[in-house]
Amino acid sequence: MLSERAHRLKPSATMALSAKAQELARQGRDIISLAIGEPDWPTFTNIKQAGQKALDEGFTKYIPSPGLPELRAAVVERVKLDLGLNYESNQCMIGLGAKHIIFNILQVLCNPDDEVIVPAPYWVSYPAMAELAEARPVIPHCPRETQFKLTPDLLKRSLSAKTKVVILNSPNNPTGQVYSKQELKDLASVLERTGVWVISDDIYDKMVFDGSKIVPHIAQQSEKLRGQVLLVNSVSKTYSMTGWRIGSLVGDKRVVDACANYQSQSVSCGVPFAQRGAVEALRGPQEEVYKAVEVLASRRKSALKILHGIAGVDVLDPLGAFYIWLDITRTIGKKTKTNRQIGNSADFSAGLLDEQGVAVVPGIEFGTECFVRIGYAVAESKLMDAMGRIGQFVSSLS
Ligand SMILES: Cc1ncc(COP(=O)(O)O)c(C=O)c1O
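Criteria and cut-off values
Residues numbered from 1 in each chain as written. Predicted model: local features only at pLDDT ≥ 70, side-chain atom pairs only at ≥ 80, totals over all residues. Heavy atoms only, no water. Pairing = 2+ DSSP bridges. Helix = DSSP H or I, 4+ residues; strand = E, 2+ residues; numbered from the N terminus. Contact = heavy atoms within 4.5 Å. Axes fitted to C-alpha atoms, helices over the stretch in contact; angles between N-to-C directions. Parallel < 35°, antiparallel > 145°, perpendicular 65-115°, else oblique. Nonpolar A, V, L, I, M, F, W, Y, C, P; charged D, E, K, R; others polar. Phe/Tyr/Trp six-rings, centres within 6.5 Å; stacked < 30°, edge-to-face > 60°. Buried < 20%, exposed > 50% of the residue type's maximum accessible area, 1.4 Å probe, protein only. Near = heavy atom within 4 Å. Polar contact = N/O pair within 3.5 Å; in protein donor to acceptor, adjacent residues only side chain to side chain. Areas by Shrake-Rupley, 256 points an atom, 1.4 Å probe, with all protein chains shown as cover. Domains from an automatic or database assignment. Buried area = accessible area lost by both parts, 1.4 Å probe. Salt bridge = Lys/Arg side-chain N within 4 Å of Asp/Glu carboxyl O.

Asker: Explain the sheet that holds strand 12 (residues 361-362) to me, and be specific about the residues and the numbers.
Answerer: Pairing in this open sheet of four strands is antiparallel, and the strands run 9-10-13-12 from one edge to the other. The strands lining the two open edges of the sheet, one partner per strand, are strand 9 (314-315) and strand 12. Across two bridges, the pairing between strand 12 and strand 13 (residues 371-375) is antiparallel. The partner of Val 361 across the bridge, within strand 13, is Arg 373. Contacts between helix 13 (residues 287-308) and the sheet are confined to strand 9, strand 10 (323-327) and strand 13, with strand 10 contributing the most and set at about 5 degrees to the helix.

Asker: Which residues make up the packing of helix 5 (residues 98-109) against helix 11 (residues 253-266), and what values do they have?
Answerer: The N-to-C vectors of helix 5 and helix 11 enclose an angle of 105 degrees; their axes lie 9 Å apart at closest approach. Taken together, the axis directions place helix 5 and helix 11 in an arrangement best described as roughly perpendicular. Across the interface between the two elements, His 100, Phe 103, Asn 104, Ile 105, Gln 107, Val 108 and Leu 109 from helix 5 touch Val 255, Ala 258, Cys 259, Tyr 262 and Gln 263 from helix 11. The residue makeup of the contact of helix 5 with helix 11, split by class, is eight nonpolar, four polar and no charged.

Asker: Provide a residue-level description of the packing of aromatic side chains, including the pertinent values.
Answerer: Summed over all chains, the structure comprises nine aromatic pairs. Where Trp 325 meets Phe 371, the ring centres are 4.9 Å apart and the plane angle is 5 degrees; that geometry is what we call stacked. Residue Trp 325 is located in strand 10, and its partner Phe 371 is located in strand 13; the two are separated by 46 residues in the primary sequence. The pair Trp 325 / Phe 371 is uniform in exposure class, with both members buried. Aromatic pair Phe 348 and Phe 393: ring centres 5.2 Å apart, planes at 85 degrees, arrangement edge-to-face. With Phe 348 in helix 14 (residues 345-356) and Phe 393 in helix 15 (residues 380-395), this residue pair connects regions lying 45 residues apart in the sequence. Its relative accessible area of 1% is what places Phe 348 among the buried residues.

Asker: So, the site of the ligand: which residues are in play, and what are the values?
Answerer: In the vicinity of the ligand there are 14 residues, among which Ala 98, Asp 201, Tyr 204, Ser 234 and Lys 237 approach most closely. For the ligand, a nitrogen atom lies 2.6 Å from a polar atom in the side chain of Asp 201. One of the side-chain nitrogen or oxygen atoms of Tyr 204 is found 2.7 Å away from an oxygen atom of the ligand. Contact with the protein chains hides 92% of the accessible area of the ligand, taken as 400 Å² for the molecule alone.

Asker: Quick one: what's the story with the domain arrangement of the protein chain, residue by residue and with numbers?
Answerer: How big an interface is tends to be reported as the loss of accessible area on association of its parts. Under the domain assignment used here, the protein chain contains domain 1 (4-42 + 288-395) and domain 2 (45-283). Between domain 1 and domain 2, the C-alpha centre-to-centre distance is 26 Å. Across the interface of domain 1 and domain 2, roughly 2,900 Å² is buried in total on both sides, 64% from carbon and sulfur atoms. Put simply, domain 1 and domain 2 have zero salt bridges between them. Summed over the shared surface of domain 1 and domain 2, the result is eleven residue pairs in polar contact (both at pLDDT 80 or more). Those elements giving two or more residues to the side of domain 1 that touches domain 2 turn out to be helix 13, strand 9, strand 10 and strand 13. Looking at the side of domain 1 that touches domain 2, the element that brings in the most residues is helix 13, giving six residues. Class assignment of the residues belonging to the side of domain 1 that touches domain 2 gives a composition of 21 nonpolar, five polar and seven charged.

Written as structure tokens, this is what we have:
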């Protein structure tokens, strides 16, 4: 009855896991979910007020498909301020979140059998979105030795005559690792003038813990590559606006126009009052963002301190985003106290949820086994409780 496409489609694993944790909590279990990928603090007040004001003014009707002109202008202003790169407003369009933007881009760029390079560990939705565009995800596996990052060598080995797009994400979900300027420059030199598009998913770009306010961008490192780079961003994480559904694309006007057309035939347009809120987010004061990053930095530090003390797991300190990529290789082959065999990351997370009430996402969902992803955008007291439970779970394994 359903299409082949629908049959092939897997539900988002992280969303499914969060839903399971919520369901167990509803049944009365004492659950701490570290499976979520969103900040636990509210949208900043000035932004909520701007959205509310737009509603009160009756700003509730269809708007142009590519987005509100003032929001498109605000996005390119931010790109100029943050990255020093110049774009015109007509090189920007607004979609319903970064996820929707990446989906649109792949729909308008890919022909059947084109290849999309998705370095693993990857954000769960990239391969599924490539497949929905009838393209083939090509997955180079990035090892711990390269801090789980794509190298020029791995990239060269993944490129073929069919490569249409490479997706980069720094800071990375799930590893929290950040590409340095030099690493981006080296990747750029492989891609310059190949005609391959680079989707740079910059959604965590301001969530960085080395004191810098933003991570380096590949479009800054190579003028020759710049025309091939599609800058994808969103207000979801930076301004804690996940439910407002606002994402942006900046780059080649042909791609921007095609995405806006695609959008006009699928969702018509974005949400007008939400877009007004996003204008305030981008143009208003940014202090709350820096304060939020300080809160995250403190949680990260406390969580890492405990995790480094747990014998049996390993961790490479993340430098950005709000995830810890926990290496559970040494727990594989062991048994839990209820005699459950740990054969892979899914067994580890299922055991941890059942026995200690802590939800984490199995690494296999990000294309890499023997890891789990811990999301630490939760209150520090809860986080510390969860870290203690992870310690108990790991030490109970035999
Ligand atoms: C790497 C990455 N890209 C994109 C998204 C989607 O964000 P949005 O809410 O803007 O659609 C997420 C959300 O978790 C993400 O982690």
